[in-house]
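Here is how the chains run, residue by residue.
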Amino acid sequence: IGDASVNLLHGWLNGLSRRQGAISNNIANIDTPGYLRQHVNFETELQRQFSGGNVQMAATNERHFTAGSQLRGQLGIDPQQLLTSSRTDGNNVDIDQEMVLLTETQMQFQAASQVMSKKLGNIRTVIQG
């Protein structure tokens with residue numbers, strides 16, 4: 001359509017969909033020994049794409065983390081979590097954390113899809129006159 005906000009919403013919905021897939025994989029592998037939780041962090045990359053690539057996180061202390069992960073693999077999925085596992089089988093999935101993330105992701109997806117629907121409705125109204 002050529003509208004930057006539609007492209008931004010599309011990227012947001014895509015990232016949320018990938019995050020939901022990663023969370024689903026984490027929940028499905030809760031009892032798999034040695035499984036490392038997946039995490040999709042797409043907001044930083046999405047913001048970078050729409051601001052010309054000059055986005056930097058403000059750091060007030062040299063020990064603060066910088067934006068982006070060096071562990072990122074295909075599709076923006078981090079195969080490892082920086083925190084260590086407290087389980088003896090090497091699996092680092094915490095079901096409580098995954099359920100909170102799943103709920104948060106679902107709410108964000110619903111909000112983004114409602115905004116997209118309204119935006120496309122406005123475009124349809126303009127076209128129809």
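The preceding data block contains the structure.
Attention in this report is confined to the structure presented alongside it. (Residues numbered from 1 in each chain as written. Predicted model: local features only at pLDDT ≥ 70, side-chain atom pairs only at ≥ 80, totals over all residues. Heavy atoms only, no water.)

Across its full length, the chain holds 3 helices and 2 strands. Beginning at the N terminus, the succession of helices and strands in the chain can be written as α-β-α-β-α. Here the chain holds 129 residues, and the buried ones make up 25% of them. Long-range pairs, those at least 24 residues apart, make up 73% of the contacts in the chain with a sequence separation of at least 6. When the accessible surface of the chain is split by element, carbon and sulfur atoms take 54% of a total near 8,900 Å². (Helix = DSSP H or I, 4+ residues; strand = E, 2+ residues; numbered from the N terminus. Buried < 20%, exposed > 50% of the residue type's maximum accessible area, 1.4 Å probe, protein only. Contact = heavy atoms within 4.5 Å. Areas by Shrake-Rupley, 256 points an atom, 1.4 Å probe, with all protein chains shown as cover.)

Let us look at the nonpolar core. Of all hydrophobic cores here, the largest spans 10 residues; its members are V6, L9, L13, L16, A22, V40, F42, L46, A112 and M116. Breaking this core down by element, the ones donating at least two residues are helix 1 (4-28) and helix 3 (95-128). Sorting elements by how many residues they give to this core places helix 1 first, with 5 residues. In contact with A22, not counting residues within four places along its chain, are Q38 and V40. (Core = buried A, V, L, I, M, F, W, Y, C linked by side-chain atoms within 4.5 Å.)

Per the stated rule, a full pass over the model turns up 1 salt bridge. In this structure, R37 and E98 form a salt bridge, with 2.7 Å as the shortest nitrogen-oxygen distance. Pair noted here: R37 is in the loop between helix 1 and strand 1 (39-40) and E98 is in helix 3, with a separation of 61 residues, a long-range link. Each member of the pair R37 and E98 is classed as buried. (Salt bridge = Lys/Arg side-chain N within 4 Å of Asp/Glu carboxyl O.)

What follows concerns helix 3. Between its terminal C-alpha atoms helix 3 stretches 48 Å, which fits the 50 Å expected from 34 residues at 1.5 Å a residue. Every buried residue of helix 3 is listed here: E98, L101, L102, T105, A112, M116 and G121. In this structure, the buried side of helix 3 is in contact with helix 1. Among the residues of helix 3, the N-terminal cap falls to D94, whose side-chain oxygen and the backbone nitrogen of D96 are separated by 3.2 Å. Count one or two residues on from helix 3 and you reach G129, which has phi positive near 85 degrees. (Expected span 1.5 Å × (residues − 1). Polar contact = N/O pair within 3.5 Å; in protein donor to acceptor, adjacent residues only side chain to side chain.)

Structurally, M99 is set in helix 3. Given the relative accessible area of 41%, M99 is considered partly exposed. The sequence separation of M99 and I23 amounts to 76 residues, and the corresponding C-alpha distance is 8.3 Å.

Function cannot be inferred from these measures alone, as they are strictly geometric.
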